[in-house]
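Working through the structure, step by step
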Amino acid sequence: MNYAVRVDVTLRTGIADPAGSTIERSLPTLGFDGVHRVRAGKLFLFEVDASSPDEALLTAQKLADRLLSNPVIEDARCSLAED
Amino acid sequence: MTSVAVVVFPGSNCEYDAARALESLGASATLVFHSAQDLSAFDGVVLPGGFAHGDYLRPGALARFSPVMSALERFAAGGGPVLGICNGFQVLTEAGLLPGALQKNRGLTFLCQPETLVVASTRSVLTRAANVGDELVIPINHFSGNYTCDDATHRELVENDQVVLRYRDNPNGSRDDIAGISNRAGNVVGLMPHPERAMSSLLGSADGLVLLRGFLGLEPAFSGR
Amino acid sequence: MSDETLHRALGLTDSEFEEICSVLGRRPNHLELACYGVMWSEHCSYKSSRIHLRRLPTEGPHVLVGPGENAGVIDAGDGIAIALRIESHNHPSAIEPYQGAATGVGGILRDIFTMGARPLAVMDPLFFGSLDEPRTQWLVEGVVSGISGYGNSVGVPTIGGELTFDPCYQANPLVNVLCCGALPSDRLVLGIASGVGNLAVLLGSLTGRDGIGGVSVLASAGFEGADGAESLDDAKRPSVQVGDPYEEKRLIEACLELLDSHLVVGIQDLGGAGLICATSETAARGRVGMDVDVSAVPLREVGMQPWEIMTSESQERMLAIVTPENLDALNEVCARWEVRATVVGRVTESTPSSEGEPVGLLRLRDGFDGPVLGEVPAASLADEAPLYDRPMARPKDLEQRWADEPHVLEGEDDGEVLLDLLVSPEWVYRQYDSQLFLNTVVGPGRDASLLRLAGPGLPASERGFALTTDSNPRWCALDPRRGTALTLMEGVANVACVGATPQAVVNCLNFGNPEHPEVMWQLSEAIDGLAEACRALEIPVIGGNVSLYNESGGADIHPTPVLGVLGGVPSLVSPPPGWGWSEGDTVLLVGVDRASDENPWPLAGSSYAARSAQHGGRPGDVHFGEFRRTADFVAGEVARMCAGESSDLTGVHDVASGGLAIALAEMVTAASCGLRVENVVRDELFSEFPGRFVVATTNPAEFVRRADDARVPVRVLGVAGGDSLDLGSSVRLDVDALRQRSRRALDDALGHQS
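Residues numbered from 1 in each chain as written. Chains lettered and ligands numbered in written order. Predicted model: local features only at pLDDT ≥ 70, side-chain atom pairs only at ≥ 80, totals over all residues. Heavy atoms only, no water.

1. Overview of the overall build of chain A
Quick note on the threshold: Elements are defined by DSSP. Helices are runs of H or I of four residues or more, strands are runs of E of two residues or more, and each kind is numbered from the N terminus. This radius of gyration counts C-alpha atoms alone. The globule rule is 2.2 Å times how many residues there are, raised to the power 0.38. Three labels apply to residues, based on accessible area from a 1.4 Å probe with only protein chains included: buried if under 20% of the type maximum, exposed if over 50%, partly exposed otherwise in between. Any two residues whose heavy atoms approach within 4.5 Å are treated as being in contact. Accessible areas in this description were obtained via Shrake-Rupley with a 1.4 Å probe; residue shielding takes into account the shown protein chains only. Counting rule applied: Lys, Arg positive; Asp, Glu negative; His and chain ends not counted. Every charge is mapped to an atom, namely NZ of Lys, CZ of Arg, CG of Asp or CD of Glu.
Each helix and strand in chain A was counted, giving two helices and three strands. Taking 83 residues into account, the globule formula puts the C-alpha radius of gyration at 12 Å, and chain A, at 16 Å, lies well above it. Expressed as lengths along the three principal axes of its C-alpha atoms, the size of chain A is roughly 50 × 30 × 15 Å. Expressed as a percentage of the 83 residues in chain A, the buried residues total 34%. A separation threshold of at least 6 residues defines the contact pool for chain A, and within that pool the share at least 24 residues apart is 71%. In the structure as shown, chain A presents an accessible area of about 5,300 Å², 56% of it carried by carbon and sulfur atoms. Taken as two groups, the 9 positive and 13 negative side-chain charges of chain A have centres that lie 9 Å from each other.

Written out as structure tokens, the structure is:
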């Protein structure tokens, strides 16, 4: 089977997020009040050949931990992508 | 030290500058492509600045998987002097040879400007010819030079005297004003500023001399200001 | 769409269509018509400007390659040649500023390494609308980060440029880019296909639909919307190319290695009009034919039509001509640099025309032995676009505008004016890597940039070279002929400040709609002004670019000829003086300090006049003889210092935009040391005309003696000291306040927090 997977990479809690804070700071001037805790991250989409959804996610998580994210500063969350 | 390998990843761009600076001090510098699997013939290794593999995923993220990196790990484990400049520093942290990570600059723009660095430790191959407290003017040239690490790592860095250079006026948001660090043994050093760009007053500063002379194991001819 | 109207949609006029039918002796098919559409566009063919450009002087003792090639080349001495080019990327940047500016950098780098030169420096003259408009802020941030993102990554330092704000660029910003490269003189290569049976190899990126019809749709037609045309932007966005600096970096290294090891016969970049341009130009230059297998081109998208493949402007591609024996070696080099290489063409013999002339046919085929999809004489695409002598008209109200001379305003606070005009470009240039290759002795933000003449693979040399880009659209709007001549003088003055003597000039002529007779008159006048100044100052034009249709809502931009001046410094072992000085130094004004007897301190076209909305008057007359004597004297003084001789000079700066007041303000902030000037009147403070330099010296008597010997006038302004700038009775400003204000000016205008 072939599973579509998405990986969301965001900075770990507690790590400064200059992109997120810059966006957040600019929001009031654009008229968006009451928006908080903006975090910027990356999204990866790919397909994995696997025998089960769990196996696909396991492969994706390994790939995400090894390459797509830097565990020193980032978290990677894998999920099956909706079509 | 006479023979230095300057590693070229596709996308490196400071390799000629690093080689030219080392050669001006009498060393022989060889450009070594990232596919090399053996560095044992060299007395030292420099990972130069640039944008290895386009920096597309994260700076240094893909370079870490180049064949040369296992050779570099062996070289470093054997006590060989290793210097990562700018992108080279980013590669060393991604590869786990140095702790922490380099994030985007606080101001979210690229910065190319001279910075005053303060020597924080002389227990490294890069700073061994300088004195603690020396102020050196050396340019930075990066988008992701904001040094980040967790509290435990930071404590360890400080306790083991691994912070080798600090910014006098922090330009990028680095934790504890850190501009460069070493591993515990002091033979692997990474820094964001470019000492090879500060080798002559014609180009604005000669303060990089004391660092690269130290790296090559030459007698200190000059020790800051 | 019927055959009767297809050519119009492709930007060809009815008479151009008939011309094509006559060249071919039949009606073109759709593929052929698309090829003519892009190749005969204004952007590729220069059909409106070419008859005027012929008037420029292009020869000089150092010129190795003049206009018409990918870049001009001069002999810089010591076995080193310098390649120089300037281009515009105006319309793409108006639509997508980041990618427009980024691909502008990428494109000009390819023009330089096409000549066998390693690109060593880039400069970016930028022109935007009013900075208080949100759209301008978006454009500025996008363009600057595009240049920074691409240039820094590809590994070529950006060493300077210009930053101009004027409402005339509101909907149509100008993004020009100059690139300079160097090569061992014996490696010079030209984009020529030769040797029947040789192969044309496409190097680099996959071909996609990006930039389809870019030259005709974007560069050769104005924006019709009145408001900056948000709605049109959306429709035109598919034509914007996306740049990949990492691909370009590998392409540079691979191509230079191919040239170094003599593996290629010729090489040509793919720029505007893509593969059809590269194949037809190389074949036409070599007077040969070429068969192109359209189906061999590696594609990024499915279902692309042959006309799309041939005209795609996908970035980071090159065409190399190689003998069959060297193909394997070429493939090996390309594999190491991870650069894709695909044979897409074969050089064929020319065939005699009905008149017996050899004609190189470009045949587009589906497979080398497959059916012929299109067949046209290569030269007819590359060189034989119709030339137009478009109608010109001198503006009827010109004398009236000239008579409306600006004047110093009563009651205006000159200190406030000065603070408003003093804008440091530091926010822009600190985002550029200006130091790579360890050559940058004087970087961005000064009169001219100064570099060591050194680089990977070059013979050793002690020489240096200076580069500057200059323009003065407000002068040119009032008098394009005089304004352009004065602009060249400004460039020469700038390189003199770093000790350089001018060797060559390149021009980027940014003008409005050539179908407006006034615009054609401006273009023709500007070219005449440039030609006069080049002859008087003995500087050859070695290349140029023309960008027309810079307009929006029917309003043309100010005529904006941008000139890039290259100068040489025979020995560069010590830095030239900066803008600073030390306490006790004597500050002098060097050069003739009056523009003319009847109007000594003209304000026409000055920053002062623009700030106070005085748009009339006529820029000061040109005095080439006096000017050249002064510039030569200053260049010689500085060059001796660069050569390592002891010198009493501590600061040099030319008086340019903003006049004497701004020149002195820039110097006191650089020096962190004040100055009091008593003998200056308000009329002189902000007047703009070239030929004046501010010089600081530790030994005024000796300096004045040397100036006297050179018959160059000198006036003492004052002695450096204190912590304020005092000019006559009308300006008194604290040096620290000046610096704070000028450094923050751009950040504040762009809404950045400190």
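2. Some thoughts on the interface of chain A and chain B
Put simply, the rule reads: In short, buried area is how much 1.4 Å probe accessible area vanishes from two parts on joining, totalled over both. The salt bridge definition used is simple: a Lys or Arg side-chain nitrogen within 4 Å of an Asp or Glu carboxyl oxygen. Here a polar contact is recorded for every N or O atom pair within 3.5 Å, except that within protein the pair must consist of a potential hydrogen donor and a potential acceptor, and residues adjacent in sequence are included only if both atoms are side-chain atoms. Throughout, the ten residues Ala, Val, Leu, Ile, Met, Phe, Trp, Tyr, Cys and Pro are labelled nonpolar, Asp, Glu, Lys and Arg are labelled charged, and all others, Gly among them, are labelled polar.
At the interface, 16 residues of chain A touch 15 residues of chain B. When chain A packs against chain B, close to 1,200 Å² is buried across both sides, 63% of that on carbon and sulfur atoms. For the chain A face of the interface with chain B, the top three residues by lost area are Pro18(A), Arg66(A) and Leu67(A), together amounting to 40%. At the boundary of chain A and chain B, one finds one salt bridge. A salt bridge links Glu74(A) to Arg58(B), with the shortest nitrogen-to-oxygen separation between them at 3.8 Å. Taken together, chain A and chain B are joined by six residue pairs in polar contact (both at pLDDT 80 or more). Contributing elements (two or more residues each) for the side of chain A that touches chain B: helix H1 (18-26), strand E2 (41-49) and helix H2 (53-68) of chain A. Per-class residue counts for the side of chain A that touches chain B are 10 nonpolar, three polar and three charged.

3. Section: the pattern of salt bridges
Tallied over the entire structure, the rule returns 60 salt bridges over all chains. Arg168(B) is the partner of Glu135(B) in a salt bridge, and the nearest nitrogen-oxygen pair spans 3.3 Å. Of this pair, Glu135(B) sits in strand E7 (residues 135-142) while Arg168(B) is found in the loop between strand E9 (163-167) and strand E10 (178-182), placing the two residues 33 residues apart along the sequence. What makes Arg168(B) partly exposed here is its relative accessible area of 44%. We note a salt bridge from Arg336(C) to Glu332(C), for which the minimum N-O separation is 3.8 Å.

4. Considering the environment of Val423(C)
All names here are of chain C. Among the secondary structure elements, Val423 is positioned in the loop between helix H17 (414-421) and helix H18 (426-429). Judged by its relative accessible area of 39%, Val423 is partly exposed. Along the primary structure Val423 and Val65 are separated by 358 residues, whereas in three dimensions their C-alpha atoms are 38 Å apart. Residue contacts for Val423: discarding those within four places in its chain leaves Ser742, Ala745 and Leu746.

5. As for the pairing of strand E6 (residues 174-184) of chain C
Residue and element names in this part refer to chain C. Rules: By this definition, two strands are paired if DSSP reports at least two bridges between them.
Among the 11 residues in E6, 11 count as buried, and that is most of the element. Here E6 shows no split at all, with Leu174, Asn176, Leu178, Cys180, Ala182 and Pro184 on one side and Val175, Val177, Cys179, Gly181 and Leu183 on the other all buried. Pairing analysis gives seven bridges linking strand E4 (residues 118-128) to E6, with the strands arranged antiparallel. Counted as the bridge partner of Arg118 is Ala182 from E6.

6. Concerning the sheet that holds strand E8 (residues 266-269) of chain C
Note: strands within a sheet are paired through backbone hydrogen bonds, in either parallel or antiparallel orientation. All names here are of chain C. Operational definition: Axes here mean lines fitted to C-alpha atoms, for a helix over just the part in contact, with angles spanning 0 to 180 degrees between N-to-C directions.
Pairing within the open sheet is mixed, and its seven strands lie in the order E8-E10-E7-E11-E9-E14-E15. Each edge of the open sheet is held by one strand with a lone partner, namely E8 and strand E15 (372-377). Across the sheet, the axes of successive neighbouring strands diverge by a mean angle of 20°, strand direction being ignored. The pairing of strand E14 (residues 361-365) with E15 spans five bridges and is antiparallel.

7. Examining a nonpolar patch on the surface
Let me state the cut-off plainly: Two distance rules govern patches: like charges are joined within 9 Å, and nonpolar side chains (Val, Leu, Ile, Met, Phe, Trp, Tyr) within 5 Å, applied only to residues with over 30% relative accessible area and no salt bridge.
A cluster of nonpolar residues, Leu30(A), Phe32(A) and Val35(A), forms a patch on the protein surface that exposes about 300 Å² of accessible area. Among the structural elements, Phe32(A) can be located in the loop between H1 and E2.

8. Points about unusual backbone geometry
Positive phi, close to 55°, is recorded for Asp176(B), a residue that is not glycine. The residue Asp176(B) is located in the loop between E9 and E10 in this model. Even without glycine at this site, Arg711(C) takes up a positive phi of about 60°. By the secondary structure assignment, Arg711(C) is in the loop between helix H26 (700-709) and strand E28 (714-719).

9. Some points on the interface of chain C and chain B
Listed as interface residues are 34 residues of chain C and, on the opposing side, 27 residues of chain B. Linking chain C with chain B are one salt bridge, by the criterion used here. Its salt-bridge partner being Arg197(B), residue Asp433(C) comes within 3.0 Å of it at the nearest N-O pair. Take the side of chain C that touches chain B: its biggest share by element is five residues, from helix H11 (residues 245-260) of chain C. Partitioned by chemical class, the residues of the side of chain C that touches chain B number 14 nonpolar, 10 polar and 10 charged.

10. Topic: the packing of helix H7 (residues 97-114) of chain C against helix H8 (residues 134-154) of chain C
Working note: a packed helix pair is described by the angle between its axes plus the distance between those axes. All names here are of chain C. Where we set the bar: Should the near helix be turned counterclockwise from the far one by less than a right angle, the crossing is left-handed, whereas a clockwise turn marks it as right-handed.
Between H7 and H8, whose axes approach to 7 Å, the crossing angle comes to 35°. Pair H7 / H8 crosses with right-handed handedness. Contacts between H7 and H8 involve Pro97, Tyr98, Ala101, Ala102, Val105, Gly106, Leu109 and Arg110 from the first element and Trp138, Leu139, Gly142, Val143, Ser145, Gly146, Ile147, Gly149, Tyr150, Gly151 and Val154 from the second. Looking at the contact of H7 with H8, its residues break down into 12 nonpolar, six polar and one charged.

11. Description of the packing of aromatic side chains
All names here are of chain C. The following threshold applies: Two rings from Phe, Tyr or Trp (for Trp, the six-membered ring) form a pair when their centres sit within 6.5 Å of each other. Planes less than 30 degrees apart are called stacked, planes more than 60 degrees apart edge-to-face, and all others tilted. In our convention, an over-ring charge means Lys NZ or Arg CZ found within 6 Å of a ring centre and within 35 degrees of that ring's normal.
Under the definition given, this model contains eight aromatic pairs over all chains. Above the ring of Tyr246, the side-chain terminus of Arg250 is found at 4.2 Å from the ring centroid. Over the aromatic face of Phe368 sits the side chain of Arg346, whose NZ or CZ is 4.3 Å from the ring centroid.

12. Concerning helix H2 (residues 14-24) of chain C
Residue and element names in this part refer to chain C. As a reminder of what qualifies: Each C-beta atom gives one direction from the helix axis, and the arc is the one those directions make.
Those residues of H2 that fall on the buried side of the exposure criterion are Glu16, Phe17, Ile20, Cys21 and Leu24. For H2, the angular spread of buried residues about the axis comes to 145°, placing them on one side. Those residues of H2 that are exposed and aimed more than 90 degrees away from the buried face are Glu18 and Ser22.

13. Re the nonpolar core
Worth spelling out the cut-off: For this analysis, a nonpolar core means a set of buried residues of the types Ala, Val, Leu, Ile, Met, Phe, Trp, Tyr and Cys, connected via side-chain atoms within 4.5 Å.
With 70 residues, the main nonpolar core has Phe9(B), Leu39(B), Val46(B), Leu72(B), Leu83(B) and Leu165(B) as its most contacted residues. With six residues, helix H2 (residues 68-77) of chain B is the largest single contributor of residues to this core. Beyond its immediate chain neighbours, meaning those up to four positions away, Leu165(B) contacts Leu117(B), Val118(B), Val119(B), Ala120(B), Leu126(B), Thr127(B), Asp177(B), Ile178(B), Ala179(B), Gly180(B), Leu191(B) and Leu211(B). In terms of nonpolar packing, the next biggest core, distinct from the first, is built from 63 residues, Val495(C), Val498(C), Ala533(C) and Val590(C) among them.

14. Observations concerning the sheet that holds strand E20 (residues 541-547) of chain C
Residues and elements named next belong to chain C. Pairing in this open sheet of six strands is mixed, and the strands run E16-E17-E18-E23-E19-E20 from one edge to the other. Two strands bound the open sheet, and with one partner strand each, they are strand E16 (440-442) and E20. Averaged over all pairs of adjacent strands, the angle between strand axes in this sheet comes to 20°, irrespective of strand direction.

15. Section: the environment of Leu202(C)
All names here are of chain C. When you line up the elements, Leu202 lands in strand E7 (residues 199-204). Take Leu202: its relative accessible area is 2%, and that puts it in the buried class. Considering only alpha carbons, one finds Leu202 and Leu319, 117 residues apart in sequence, at a separation of 4.7 Å. Contacts of Leu202, omitting those with residues within four sequence positions, involve Thr207, Leu270, Leu275, Val297, Pro298, Arg317, Met318, Leu319, Arg340, Ala341, Thr342 and Val344.

16. Considerations on the side chain of Gln315(C)
All names here are of chain C. Considering the arrangement of structural elements, one finds Gln315 in the loop between helix H13 (306-311) and strand E10 (317-322). Within polar-contact distance, the side chain of Gln315 engages the side chain of Arg110 at 3.0 Å. With residues up to four places along the chain from it excluded, the contact list for Gln315 reads Thr103, Gly107, Arg110, Ser205, Gln241, Val242 and Gly243.

17. With respect to the packing of H11(C) against helix H14 (residues 327-336) of chain C
Residues and elements named next belong to chain C. Convention followed: Each angle receives one of four descriptions, namely roughly parallel if under 35 degrees, roughly antiparallel if over 145, roughly perpendicular if within 65 to 115, and oblique otherwise.
Between H11 and H14, the least distance of the axes is 9 Å, while the angle of their chain directions is 150°. Overall, the two elements H11 and H14 adopt an arrangement that is roughly antiparallel. Note that H11 runs across H14; the crossing there is right-handed. Of the residues in H14, those in contact with Ala254, Glu257 and Leu258 of H11 are Leu330, Val333, Cys334 and Arg336. Class assignment of the residues belonging to the contact of H11 with H14 gives a composition of five nonpolar, no polar and two charged.

18. Side note on helix H3 (residues 87-94) of chain B
Residue and element names in this part refer to chain B. Of all the eight residues making up H3, eight are buried; the element is thus mostly covered by neighbouring parts of the structure. All of the buried residues along H3 are Asn87, Gly88, Phe89, Gln90, Val91, Leu92, Thr93 and Glu94. Where H3 ends, the next residue or the one after it, Gly96, has phi of about 80°, a positive value.

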